[in-house]
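Structure assessment
As a plain string of letters, each chain reads:
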Amino acid sequence: MSNNSGSKPRQNSTRHPGATDTVKGRAGRILAKGNKDATYDTAQEQESAVLVAVPDKRQPNTTTQEYLDELAFLTETAGAQVVKRFVQRLEKPDIRTFVGEGKLAEIKAFVNHSGASMVIFDDDLSPSQLRNLEAELKVKIVDRSLLIIDIFASRAKSATARTQVELAQYQYLLPRLTGLWTHLDKQRGGGVSQRGPGETEIETDRRVVRDRISFLKEKLKDFDKQSVTQRKSRTGLVRVALVGYTNVGKSTIMNLLSRSDVFAENKLFATVDSTVRKVVLDTVPFLLSDTVGFIRKLPTRLIESFKSTLNEIREADLLMHVVDISHPSFEEHIEVVNDTLKDIGAADKPILLVFNKIDQYNPEAEAGLDPEGGFEDMNPHEEEGTLIRPTLDQLQASYMAKMHDPVIFISAQERENIDELRALLVRKVGELHRQRYPNTLEYDEAE
Ligand SMILES: Nc1nc2c(ncn2[C@@H]2O[C@H](COP(=O)(O)OP(=O)(O)OP(=O)(O)O)[C@@H](O)[C@H]2O)c(=O)[nH]1
Ligand SMILES: [Mg+2]
């Protein structure tokens, strides 16, 4: 086990001493310039991407469209620009190239003509599909897992998160090592694609990657031990975690709750991830943590790599499950979040369901129609196209009736119902505090 973890000198270009050029080159970000925070990025520097979805025959058009919107949003978050979407309905994806022969030819023609620099698939590709597609299309091929890992890489700030991302990158890379040679040859200026390197070289790379994976896992264990010690020093306070689908407003709520209240101690716990803050609402103190957002088809391995971060959720006393009610698929999002909570062993916790973005909710919105969708065959059924959604009052009544846990409707942006949210938190946290720490009931006097 390493005894100097955390203090290793890091340099971007030579992060992996001992690795061959190939391994070094492949484990970094796929979108070199694609950093969400890099606002100085100009359009010319952006890579252009083609999206591909292969829904099964029964999937409604509107759903396909929503999934592609989400993929486009992910792509843009990663820093690339979407130039075209392709859809092929298949009973089952093609085993060799994921899409059928005809569609592949169509994509190839478009890529050649437009100069797009990558093709992004809304599903995970097998190593051989990836290899075949890369050989055929001769541009970067990105699948859903890789895209998500890449976004995580651009956002990871803390040492733990960076280590987790690196682990996920190597775990993704390991089974695919043999398949990643074609455009590397090109990058080396080899011109005509030659045969890949010999087995020995690939074996060496595999060993290097495996070693790196074990090293990173050990490092994460060290981080875990440190955070257990830190958490011990935080006992005595109820812990609340914000969870939810990505982009629902968790961080906005975190900021709202921890900043705008005069009693809030807007102080970072220097030794923890900066996402945990102590909040005091109406003299009731608690710890609030903001967590990584969930998403449909979140690669299990990525969840595994992010165990340390997810401990915040696992060890919370109360979860605030934030939902973006203005999103047409919010109900599916709730399911995705509940399933992910189950996966990480956090499903049995008390939950406060917070429906956010009520300012943006439009009951008359047409379900998921996007004029820029690029679907020539987009001809929604009447019921689908003109679907009238329930009003907020109806939704509120139905969720209140079916949930055991409290439900609240807010707009974090417009500050609607925030006092009610605070009152609810004070009540829930107060109850939990009295259960957990019956001997420190006098917290209000002590403050
Ligand atoms: N219209 C509207 N927008 C909101 C509201 N709350 C947050 N937003 C916006 O929604 C976007 C996402 O908000 P975040 O707070 O970053 O969401 P998040 O859940 O932390 O997202 P991830 O960290 O990416 O998972 C931002 O552009 C916010 O300004 C709201 O009540 N109404
Ligand atoms: Mg956030």
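Values in this document were obtained by computation on a predicted structure and should not be read as measured data. (Residues numbered from 1 in each chain as written. Chains lettered and ligands numbered in written order. Predicted model: local features only at pLDDT ≥ 70, side-chain atom pairs only at ≥ 80, totals over all residues.)

**Describing the overall build of the chain**
Scanning the chain from terminus to terminus reveals 16 helices and 10 strands. Taken across its 447 residues, the chain has 38% of its residues classed as buried. Once local pairs closer than 6 in sequence are excluded, the contacts in the chain between residues at least 24 apart make up 74%. (Helix = DSSP H or I, 4+ residues; strand = E, 2+ residues; numbered from the N terminus. Buried ≥ 20, exposed ≤ 12 C-beta atoms within 10 Å, placed from the backbone. Contact = placed C-beta atoms within 7 Å.)

**Considering the site of ligand 1**
Close contacts around ligand 1 come from 16 residues, with Gly249, Lys250, Ser251, Gly293 and Gln413 the closest. In terms of residue count, the dominant contributor to the shell around ligand 1 is helix H9 (residues 250-259) (three residues). The residue inventory of the shell around ligand 1, partitioned by class, reads two nonpolar, 11 polar and three charged. (Near = placed C-beta within 6 Å. Nonpolar A, V, L, I, M, F, W, Y, C, P; charged D, E, K, R; others polar.)

**Regarding the sheet that holds strand E9 (residues 351-356)**
Pairing is mixed in the open sheet, where six strands are placed in the order E6-E7-E5-E8-E9-E10. For this open sheet the edge positions go to strand E6 (276-281) and strand E10 (407-409), each flanked by a neighbour on one side alone. Looking at each pair of strands side by side, their axes are set apart by 25 degrees on average, direction ignored. Along the sheet, helix H12 (residues 330-343) contacts strand E5 (238-244) and strand E8 (318-324); its crossing angle with E8, the most-contacted strand, is approximately 150 degrees. (Pairing = 2+ DSSP bridges. Axes fitted to C-alpha atoms, helices over the stretch in contact; angles between N-to-C directions.)

**Observations concerning the nonpolar core**
Leu51, Val52, Val119, Ile120 and Val240 are the most contacted members of the largest nonpolar core, which totals 99 residues. Not counting residues up to four positions away in its chain, the partners in contact with Val240 are Phe286, Leu287, Leu288, Ala316, Asp317, Leu318, Met320 and Val429. (Core = buried A, V, L, I, M, F, W, Y, C linked by C-beta atoms within 7 Å.)

**Details of the environment of Arg207**
Mapped onto the elements, Arg207 comes out in helix H8 (residues 199-232). Remark: the alpha-carbon pair of Arg207 and Leu174, spanning 33 residues in sequence, is separated by 9.3 Å.

**Focus on the sheet that holds strand E1 (residues 47-53)**
One open sheet holds the four strands; their spatial order is E2-E1-E3-E4, and the pairing between them is parallel. The sheet is open, and its two edges are formed by strand E2 (80-87) and strand E4 (140-142), each paired on a single side. For this sheet, the mean angle separating the axes of adjacent strands, direction not counted, is 25 degrees. Of the strand pairs in this sheet, E1 and E2 are connected by seven bridges, and their pairing is parallel. The residue of E2 that forms the bridge with Ala49 is Val82. Against the sheet, helix H2 (residues 61-78) makes contact with E1, E2 and strand E3 (118-121), and its axis sits at roughly 155 degrees relative to E1, the strand it touches most.

**Description of the environment of Arg162**
As for its placement among the helices and strands, Arg162 is situated in helix H6 (residues 159-173). Using a count of 14 C-beta atoms within 10 Å as the deciding quantity, one classes Arg162 as partly exposed. The spatial distance from the C-alpha of Arg162 to the C-alpha of Phe152 is 8.7 Å, given a sequence separation of 10 residues.

**Thoughts on H2**
Spanning 18 residues, H2 covers 26 Å between terminal C-alpha atoms, matching the ideal 26 Å at 1.5 Å per step. Listed as buried for H2 are Asn61, Thr62, Thr64, Gln65, Tyr67, Leu68, Leu71, Ala72, Leu74, Thr75 and Ala78. Just downstream of H2, Gly79 is the residue with a positive phi angle, here 110 degrees. (Expected span 1.5 Å × (residues − 1).)

**Overview of the confidence of the model for the chain**
Atom-level detail of predicted coordinates should not be read off regions where pLDDT is low. Residues with a pLDDT of 70 or more make up 73% of the chain, whose mean pLDDT is 77. Least confident of the elements in the chain is helix H7 (residues 182-187), whose mean pLDDT is 43; most confident is helix H3 (residues 101-114), at 97. In this model, residues 1-20 is a region of pLDDT below 50 whose contacts with residues beyond four sequence positions or in other chains number 20 contacts. Contacts for the low-pLDDT stretch residues 181-195, under 50 throughout, to residues beyond four places or in other chains number 12 contacts. (pLDDT = per-residue confidence, 0-100.)

**Some remarks on unusual backbone geometry**
Most of the time, phi is negative for any residue but glycine, and the peptide bond is trans. Phi is positive for Asp282, which is not a glycine, with a value near 50 degrees. Mapped onto the secondary structure, Asp282 falls in the loop between E6 and strand E7 (284-290).

**Considering the pairing of E6**
Across six bridges, the pairing between E6 and E7 is antiparallel. Residue pairing in the sheet places Arg277 in a bridge with Leu288 of E7.

**A word on the pairing of E7**
Among the seven residues in E7, seven count as buried, and that is most of the element. Because side chains alternate across E7, one face comprises the buried residues Val284, Phe286, Leu288 and Asp290, and the other comprises Pro285, Leu287 and Ser289, equally buried. As judged from the five bridges shared by E5 and E7, these two strands associate in the parallel manner. Bridge pairing in E7 places Arg239 opposite Leu287. Two successive antiparallel strands, E6 and E7, enclose a turn made up of two residues, where Asp282 displays a positive phi of approximately 50 degrees.

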